[in-house]
There are 2 protein chains.
Amino acid sequence: MPPKGFAKLNCDEDTPALMKAALFSILCLLAVASPAPGANQPNFVVIFCDDLGYGDLSSFGHPTIKTPHLDVMAAEGQKWTNFYVAACVCTPSRAGLLTGRLPVRNGMCSDTRRVLFPDSSGGLPTTEITISSALKKEGYRTAAVGKWHLGHLPEFLPTSHGFESYFGIPYSNDMDMLRRESHFELAEKGDFSLYNVPLMEDEKILERPADQTTITRRYTEEAIRKINEFGDEPFFIYLAHSLPHIPLFRGKDFANTSTAGIYGDVIEEIDWSVGEIRNALDKAGVSENTLVVFTSDNGPWLKFKHHGGTAGMLRDGKGSTWEGGMREPTIMAWPGTMEPKIVHEMGATLDLLPTFVSLAGGTLPDDRTYDGHDLSRFITGEAKTGPRDEMFYYHGEQLFAVRKGQFKAHFKTKTSYTGQKNAETHDPPLLYHLGLDPGEQWDVAAENPGVLKEMQELAEKHEQGLERVPSHLVGKISD
Amino acid sequence: MPPKGFAKLNCDEDTPALMKAALFSILCLLAVASPAPGANQPNFVVIFCDDLGYGDLSSFGHPTIKTPHLDVMAAEGQKWTNFYVAACVCTPSRAGLLTGRLPVRNGMCSDTRRVLFPDSSGGLPTTEITISSALKKEGYRTAAVGKWHLGHLPEFLPTSHGFESYFGIPYSNDMDMLRRESHFELAEKGDFSLYNVPLMEDEKILERPADQTTITRRYTEEAIRKINEFGDEPFFIYLAHSLPHIPLFRGKDFANTSTAGIYGDVIEEIDWSVGEIRNALDKAGVSENTLVVFTSDNGPWLKFKHHGGTAGMLRDGKGSTWEGGMREPTIMAWPGTMEPKIVHEMGATLDLLPTFVSLAGGTLPDDRTYDGHDLSRFITGEAKTGPRDEMFYYHGEQLFAVRKGQFKAHFKTKTSYTGQKNAETHDPPLLYHLGLDPGEQWDVAAENPGVLKEMQELAEKHEQGLERVPSHLVGKISD
């Protein structure tokens, strides 16, 4: 790949010799002075939490949990208040982030087994394009650190999806339990021994059960090692913390330090980690060439009470398509490029793939449908408004709700924490104005028949164009 | 009062003449160079909203309402996340702020008529010491701007309570209604004509009904006029906005500008006002000598739905002793003196009187009980922890709840918005850990009998020492 600038210089054959010589000299100079391939390509670091609630960070209104590093990041960068995930539970949400496609398009959701389990035989198909495989094609170095949950069999692991390396746990930190005991008590005691979750390096198991009391620190160290290893080469690091998913474990430096209890300790350790990552970028001299995105996979797991987070003023949490299940506290920073602001535009984890590929100077093959929008012009300030005006809220394989502008229509709902077994169907749909009513309290369907019709048409149009594939989450290894 | 430095210089009689002459010269220089009396006394500006919810500001987690000036103030100053008001409704809350005493001590609360009305014959007794009368004694200039609601008869107005001037409305902006119509519709239309509330200048009525569409702007202009008038003299300005109490009115520059509807418009105009006030302090060259405190009188009036605010993740709102009724989004700024931080310590509007008097170099007479704590050493950074560890939550004349440290016990509760007529008594009391559970969701009384006993003893001790006076809110002019 020639240094930028060469491709467009096309010497006309009639150019006089002297001019040609002069031009050659200029080109030589350019070749020396030009940045090496990739130097104009920004690095990307995605810090992805697990089950973090919209209201869990100080900058998003939590009165007790201290998150000074994230607060600084929010003040220096962009605090996104309308940023969504692709699904309200773990596996499909992660599939959506990495592929820029709704999980229903690639089989990474299911109405029966909602996520992958240790006995699952499936995983993210290698026919999918991921952020890592797309960026690798653009010359990026790549690393996955943390929780994967897109298939633990070798053919589905990060190293099969464009990541050069992997260090982390392949599914949730509460899985593979050896004996049923109280998550609350084990966590408070710091006893991780009953959670037989492996810690993996690439395709090998390093440790089992993974020591979860040191895991946030070790993920952080691994990510920093990668930052230093990659140096001036453009890179993508996907740092997916296993926490604050229950059971909650934190390092000894963070034990009993938060007023908000063990949940607070865990968030404050993740906040520390964010500070360490940003420091490492500074020390490596690449801060100004790195876009860091902090968010989470879905809302708080409310049934775990004070071991779960809070969605703040948003309704409900993980496992529901109310805002609390799918809107996440999102912070982006890119010093020198990103103007500090609070962003009220919509964005989604689905947008990261097209955004990153665009910023890296690449293009995506047009052989499939993407649900992500390219946010690059908006986040760099070139465009004043963002490209996203709609959001589709899936529960398993079903479209439960749609948002367009400030309106959101619910066709079905299911609360995450009252033990409601079956979804409730709404005909007419429930309609909320999220600007006036972010907490989704006052149904305004009756007063807005026109809007309701528009929302229904939007949903129908979306579903008509959708090519569904069979779920990869249902198969079991023993099947 | 001699300029500082004089008092401690005690010339020894044996001092040789030359040295005496030299000393005299130095003293003369000092006398010229020393600041005038009062120059070491900081100014105080209290910006007090009406019915603002804990979650209504961007820096306190609102996803939609834009409050850039308050965000900057929070980033440059102190954002207090555990700051309380003296009562969950208007009149007693204001009495508590101005006197530093629980309303039950001075008759400014009642179980029957919870606030003052246009037919009320009572008001704040002039035997009470207010922030304004105390600071006037210390040489301060004083001005009250905005809603009063501590008695509209001349003997109770601001000018009878240590304020040199008054510009504002004497009670709530929804009172004295000429004909009952929908607050929602009148507000959306900008029609204030049915609210026969007077706008007063000192003891005179300037305008009736007050034009509420221009009121926030006119309060702001009046406060700025006072800042400029006071110049280098130390001053206290009490700017009590009538809004966002319903009916909601905003200036034409703010009409339909917020994504959060008319409530958002109103908050965004108040935010603009905060910016104007801080600009005026800058221009007057007194920013660094001025402590600005922004807070509100009680939580959001939830029954007014999207014309009311939100308490964010806190429970309930105005009229209840759940956190949402009495914890307010509070921001203080004092450039050059106050170290920017998020404060998790407890504070209360009750603390402003002793804090201001202390910072002004004064003392309070010890002939009465104050419920406020002097926060001055904490806010200036001299002390690392704040003095407040307890909070007493009154509903009318009754103690409903107490907080000590992170625990809060409810002896009685009454929800503000479900139409619950009578308070519910809890025996045993409900107990919440506000650190783990700011939303007061999980009663932990059964697991903490020792704490519960301590809280009950604390309440008993408090009530034993309390000298109650008859309510001044019940009398009517016609009585």
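On a predicted model such as this, the values are computed, not experimentally measured, just so you know.

**Concerning the overall build of chain A**
Point 1. For chain A, the helix and strand inventory stands at eleven helices and 14 strands.
Point 2. For 479 residues, the compact-globule estimate of 2.2 N^0.38 gives 23 Å, and the C-alpha radius of gyration of chain A, at 23 Å, lies within 12% of that figure.
Point 3. In terms of principal-axis extent, the alpha carbons of chain A reach across some 80 × 55 × 50 Å.
Point 4. Scored against the burial criterion, the 479 residues of chain A give a buried share of 56%.
Point 5. When contacts within chain A are restricted to residue pairs at least 6 apart in sequence, those whose partners lie at least 24 apart make up 67%.

**Examining helix α2 (residues 68-76) of chain A**
Point 1. Every buried residue belonging to α2 of chain A is among His69, Leu70, Asp71, Met73 and Ala74 of chain A, and all of these are buried.
Point 2. Close packing links the buried residues of α2 of chain A with β2 (78-84), α7 (261-283), β8 (290-296) and β9 (330-333) of chain A.

**Looking at the domain arrangement of chain A**
Residue and element names in this part refer to chain A.
Point 1. Each assigned domain of chain A is listed here: domain 1 (43-388) and domain 2 (391-464).
Point 2. One C-alpha centre belongs to domain 1, the other to domain 2, and the line joining them spans 26 Å.
Point 3. The interface is formed by 27 residues belonging to domain 1 together with 18 residues belonging to domain 2.
Point 4. Of all the elements in the fold, those that place two or more residues in the side of domain 1 that touches domain 2 are α8 (323-326) and β10 (341-348).
Point 5. With three residues, the top contributor of residues to the side of domain 1 that touches domain 2 is α8.
Point 6. Residues that form the side of domain 1 that touches domain 2 fall into these classes: 14 nonpolar, six polar and seven charged.

**Focus on the sheet that holds β10 of chain A**
Residue and element names in this part refer to chain A.
Point 1. Taken in spatial order, the ten strands of this open sheet run β6-β5-β4-β3-β7-β1-β8-β9-β2-β10, and their pairing is mixed. Of all the strands in the sheet, just β6 (204-207) and β10 have a single pairing partner and so form its edges. Averaged over all pairs of adjacent strands, the angle between their axes in this sheet comes to 20°, without regard to strand direction.
Point 2. Examined bridge by bridge, strand β3 (residues 141-146) and strand β7 (residues 235-240) share six bridges and lie parallel to one another.

**Structural notes on the relation of the copies chain A and chain B**
Note: a rotation about an axis with an accompanying shift along it relates these two copies of the chain.
Point 1. Once turned by 180° and shifted 0.0 Å along the axis, chain A lies on chain B with an RMSD of 0.0 Å. Classification of the inter-copy transformation places it as that of a two-fold axis. Minimal C-alpha separation from the rotation axis in chain A is found for Gly61 of chain A, amounting to 2.0 Å.
Point 2. Both copies share a contact surface, since 100% of the interface residues of chain A are interface residues in chain B too.

**What about the environment of Ala75 of chain B?**
Point 1. When you line up the elements, Ala75 of chain B lands in helix α2 (residues 68-76).
Point 2. Note on Ala75 of chain B: 17 C-beta atoms within 10 Å, which makes it partly exposed.
Point 3. If near-sequence neighbours (up to four positions away) are discounted, Ala75 of chain B is found in contact with Ala75 of chain A together with Pro340 of chain B.

**Quick look at the pairing of strand β4 (residues 165-168) of chain B**
Side-chain direction in a regular strand flips from residue to residue, so the side chains alternate between the two faces of the sheet.
Residue and element names in this part refer to chain B.
Point 1. In the sheet, strand β3 (residues 141-146) pairs with β4 via three bridges, with the strands oriented parallel. Paired with Ala143 across the two strands is Ser165, which belongs to β4.
Point 2. As paired elements, β4 and strand β5 (residues 199-201) share two bridges and run antiparallel to each other. Across the sheet, Gly168 pairs through a bridge with Met200, a residue of β5.

**Points about the interface of chain A and chain B**
Point 1. On the chain B side, the residues contacting the 26 residues of chain A number 26 residues.
Point 2. Breaking the side of chain A that touches chain B down by element, the ones donating at least two residues are β2 and β10 of chain A.
Point 3. Class assignment of the residues belonging to the side of chain A that touches chain B gives a composition of nine nonpolar, 15 polar and two charged.

**Side note on the sheet that holds strand β10 (residues 341-348) of chain B**
Residue and element names in this part refer to chain B.
Point 1. Taken in spatial order, the ten strands line up as β6-β5-β4-β3-β7-β1-β8-β9-β2-β10 in an open sheet, and their pairing is mixed. Of all strands in the sheet, those with a lone pairing partner are β6 (204-207) and β10, marking the two edges. For this sheet, the mean inter-axis angle between neighbouring strands, taken without regard to orientation, is 20°.
Point 2. As defined by bridge partners, strand β8 (residues 290-296) adjoins strand β9 (residues 330-333) across three bridges and the pair is classed as antiparallel. Following the sheet pairing, Val293 is matched in β9 by Met332.

**A few points about the environment of Asp56 of chain B**
Residue and element names in this part refer to chain B.
Point 1. Mapped onto the secondary structure, Asp56 falls in the loop between β1 (43-49) and α2.
Point 2. Taking the C-alpha atoms as reference, Asp56 lies 18 Å from Ser320; in sequence the two are 264 residues apart.
Point 3. Once residues lying within four places of it in the same chain are set aside, the contact partners of Asp56 are His62, Ile65, Ile267, Pro300, Gly309, Thr310 and Pro329.

**Focus: the nonpolar core**
Point 1. Among the nonpolar cores identified, the biggest contains 258 residues, and Ile237 and Leu239 of chain A together with Ile237 and Leu239 of chain B are the most heavily contacted of them.
Point 2. Ignoring any residue separated from it by four or fewer positions in sequence, one finds Leu239 of chain B in contact with Val45, Val46, Ile47, Phe48, Val145, Gly146, Tyr219 and Ala223 of chain B.

**As for the packing of helix α7 (residues 215-230) of chain B against helix α8 (residues 261-283) of chain B**
Residue and element names in this part refer to chain B.
Point 1. Look at α7 against α8: their axes get within 10 Å of each other, and the N-to-C directions meet at 10°. Taken together, the axis directions place α7 and α8 in an arrangement best described as roughly parallel. α7 and α8 meet at a crossing whose hand is right-handed. Facing α7, whose interface residues are Thr216, Thr220, Ala223, Ile224 and Ile227, α8 presents Glu269, Ile270, Ser273, Glu276, Ile277, Ala280 and Leu281.
Point 2. In terms of residue class, the contact of α7 with α8 is built from seven nonpolar, three polar and two charged.

**Some details on the pairing of strand β11 (residues 390-395) of chain A**
Point 1. Burial within β11 of chain A is extensive, with five of its six residues counted as buried.
Point 2. Hairpin geometry of β11 of chain A and strand β12 (residues 398-404) of chain A is characterised by an intervening segment of two residues between the two adjacent antiparallel strands and by a positive phi of about 60° at Gly396 of chain A.

**Overview of helix α10 (residues 352-359) of chain B**
Residues and elements named next belong to chain B.
Point 1. Counting buried residues along α10, seven of its eight residues qualify, which places the element largely inside the surrounding structure.
Point 2. On its buried face, α10 sits against β1, α3 (90-99), α5 (131-137), β8 and α11 (376-379).
Point 3. Looking one or two places after α10, you find Gly361, whose phi comes out positive at around 85°.

The rules behind each value
- What you see as residue numbers is a count from 1 along each chain, following the sequence as written.
- To read the labels, note that chains go from A and ligands from 1, taken in the order they are written.
- With pLDDT at 70 or above as the cut-off, local features in this predicted model cover only qualifying residues; side-chain atom pairs require 80 or more to be listed or tallied, and sums for whole chains, interfaces and linings still use all residues.
- A run of H or I in DSSP becomes a helix once it reaches four residues, and a run of E becomes a strand once it reaches two; helices and strands are each numbered from the N terminus.
- The globule rule used for comparison is 2.2 Å times the number of residues to the exponent 0.38, while the radius of gyration itself is calculated over C-alpha atoms.
- Here exposure depends only on C-beta density: within 10 Å of a residue's C-beta, 20 or more other C-beta atoms make it buried, 12 or fewer make it exposed, and intermediate numbers make it partly exposed, the C-beta atoms being placed from the backbone.
- In this description, any two residues whose backbone-derived C-beta atoms lie within 7 Å of each other are considered to be in contact.
- Domain segmentation is taken from an automatic or database assignment of domains.
- Put simply, Ala, Val, Leu, Ile, Met, Phe, Trp, Tyr, Cys and Pro go in the nonpolar bin, Asp, Glu, Lys and Arg in the charged bin, and everything else, Gly too, in the polar bin.
- Here, strands pair whenever DSSP counts at least two bridges between them.
- Between the N-to-C directions of two axes lies an angle of 0 to 180 degrees, each axis being a line fitted to C-alpha atoms and, for a helix, fitted only over the stretch in contact.
- The least-squares superposition of copies is restricted to C-alpha atoms, and to residues with a pLDDT of at least 70 in both copies.
- The nonpolar core criterion groups buried Ala, Val, Leu, Ile, Met, Phe, Trp, Tyr and Cys residues into a set whenever they are joined through C-beta atoms within 7 Å.
- Here roughly perpendicular refers to angles of 65 to 115 degrees, roughly parallel to angles under 35, roughly antiparallel to angles over 145, and oblique to all remaining angles.
- Crossing handedness is read from the near helix: turned anticlockwise from the far helix by less than a right angle, it gives a left-handed crossing, and turned clockwise, a right-handed one.

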